[in-house]
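# Report on the structure
One letter stands for each residue in the lines below.
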Amino acid sequence: MTLTQLRYLVAIADSGFNITQAAERVHATQPGLSKQLKQLEEELGFQLFLRKGRSLEGVAPAGVKVIESARRILAEAANIRSYAANERGEHRGRLLLATTHTQARYVLPKAIADLSRRYPQVSVDLFAAGDAEVLDKLDEADFGLISTAGGAPATGGIAVPLFRWRRVLLVQKGHPLAELGAPPTLAELARYPLISYESSTLPDSSLQRAFAAAGVVPQIAMTARDANLIKAYVRTGMGAGLLAEMAVGGREDDDLRVIEAPQALPECITWAVVPRGRVLREYALALLHGLAPQIDPRDLRRVLEGNLTPDWPEPPRWQPA
């Protein structure tokens, strides 16, 4: 049994049992991957996957625990490599960051550019998606970035608060909301169609809870993951955009009006979520500290290593770079 075989096994499970996609995922050939799987099954003495003809259809009952153990072994092997690289002072490699579209577009460019100048031999891969997909990607990513309105995200990882931010409204010039002269109330906002992030339609979203507490129902005309898409549809006159404050205000928005959102909408916090037990390379820690400079890097390392109980300082309000 080898680490390569275990890596191929997990890749098959994560690729929906598609051998071709699994081979692409681990940069192997399809015949080579199939051969390694066959050898592993022969060594164990049972099949790991359910088969229909030459296709894989699911995980066999005996394969469930094997795949779970394989994931743990691969994670520990990755930790050993990270420990060794940090001890050697080796600052080259790949950093995979799972994040939302808004953070990827409006928050991360400067931080990643600074990291690239400091560690020129590190390549950064961004996986931009919705919050749920970001959390699902933590098995592979060094860490993820998500936002919540309230407490820390419910995950099995360590959540580090980075900064606070509020939502703003983006409307066409001449829109009735732009003529109020003050932030609208939720009741006033409910009179107009809204275009917002896809999470806005979820019953337990902070937006839906705030409107319900005010006794009104929002008119969600459209949702999108990408702030630029929301802006595009605001420009069509389809509705008022409700976005994160860091996503608006540049020169590209000069044709629109930015106004304060209702004060009843709660403030949000952007968090870095690090898988528990994950050993981060020095450059990953450097990026994390760059996003949260208010945190002592020594405390950050001790918390991530499990040697200190988290007692994070109050995250600052987001400021444009």
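The paragraphs below set out a description of the structure included in this document. (Residues numbered from 1 in each chain as written. Predicted model: local features only at pLDDT ≥ 70, side-chain atom pairs only at ≥ 80, totals over all residues. Heavy atoms only, no water.)

## Description of the layout of surface pockets
Under the convention used in this document: The rule is simple: put a 1 Å grid over the protein atoms alone, call a set of points where a 1.4 Å probe fits but cannot get out a cavity, call an open set with protein on both sides within 12 Å along at least five of seven lines a pocket, and count a residue as lining if it has an atom within 4 Å of a point. Grid points are joined across faces, edges and corners, and a volume is the space filled by probe spheres set on the points. Each helix is a run of H or I in the DSSP string that is no shorter than four residues. Each strand is a run of E no shorter than two, and both are numbered from the N terminus. Residues were grouped as follows: Ala, Val, Leu, Ile, Met, Phe, Trp, Tyr, Cys and Pro as nonpolar; Asp, Glu, Lys and Arg as charged; and all remaining residues, including Gly, as polar.
Here the largest pocket defines a volume of roughly 1500 Å³. Considering the residues around the largest pocket, the lining is formed by 40 residues, among which Leu74, Ala78, Asp139, Glu140 and Arg278 are closest to the centre. Looking at which element gives the most residues to the lining of the largest pocket, the answer is helix H4 (residues 61-88), with twelve residues. Looking at the lining of the largest pocket residue by residue, the classes come out as 14 nonpolar, eight polar and 18 charged. Size it by volume and the second largest pocket reaches roughly 900 Å³. When residues of the lining of the second largest pocket are traced back to their parent elements, those giving at least two are helix H5 (101-106), helix H7 (131-136), strand E5 (143-148), strand E8 (193-197), helix H9 (206-213) and strand E10 (240-244).

## Re the packing of helix H6 (residues 108-118) against helix H11 (residues 282-291)
Applicable threshold: Each axis is a line fitted through C-alpha atoms, and for a helix only the stretch in contact is used; angles between axes span 0 to 180 degrees, taken between their N-to-C directions. Any angle that is under 35 degrees is reported as roughly parallel, and any over 145 degrees as roughly antiparallel; angles of 65 to 115 degrees are reported as roughly perpendicular and all others as oblique. Handedness of a helix crossing follows the sense of rotation of the near helix relative to the far helix, less than a right angle counterclockwise being left-handed and clockwise being right-handed. Contact between two residues is taken to exist if any of their heavy atoms lie within 4.5 Å; hydrogens are not considered.
Interhelical geometry of H6 versus H11 gives an angle of 140° and a closest axis separation of 10 Å. Considering the angle they form, H6 stands oblique to H11. As for how H6 packs across H11, the hand of that crossing is right-handed. Only Tyr283, Ala286, Leu287 and Leu291 of H11 make contact with H6, whose side of the interface consists of Leu108, Ala111, Ile112, Leu115 and Arg118. Taken together, the residues of the contact of H6 with H11 break down into eight nonpolar, no polar and one charged.

## Concerning a nonpolar patch on the surface
As a reminder of what qualifies: For patch detection, residues must exceed 30% relative accessible area and be free of salt bridges, and they are connected within 9 Å for like charges or within 5 Å for nonpolar side chains (Val, Leu, Ile, Met, Phe, Trp, Tyr). Per-residue and other accessible areas follow the Shrake-Rupley method at a 1.4 Å probe size, with only the shown protein chains counted as cover for residues. One side-chain nitrogen of Lys or Arg within 4 Å of one carboxyl oxygen of Asp or Glu is enough to make a salt bridge. Classification of residues uses two cut-offs on accessible area relative to the type maximum, computed with a 1.4 Å probe and protein chains only: under 20% is buried, over 50% is exposed, and between them is partly exposed.
Residues Leu229, Tyr233 and Met238 make up a contiguous nonpolar surface patch of roughly 250 Å² in combined accessible area. Along the polypeptide, Met238 turns up in the loop between helix H10 (227-235) and E10. Relative accessible area serves as the criterion here: at 33%, Met238 is assigned to the partly exposed category.

## A short note on the pattern of salt bridges
Going through the model one piece at a time under the given rule, you end up with 17 salt bridges. Here Glu133 makes a salt bridge to Arg225, at a shortest N to O gap of 2.4 Å. Of this pair, Glu133 sits in helix H7 while Arg225 is found in the loop between strand E9 (219-224) and H10, placing the two residues 92 residues apart along the sequence. What makes Arg225 partly exposed here is its relative accessible area of 34%. Where Asp255 meets Arg235, a salt bridge forms, and the shortest distance between an N and an O atom there is 2.8 Å. Placement of the pair is Asp255 in the loop between E10 and strand E11 (256-260) and Arg235 in helix H10, with a sequence separation of 20 residues. Put simply, Lys231, Arg235, Glu252, Asp253 and Asp255 are held in one network by salt bridges that share partners.

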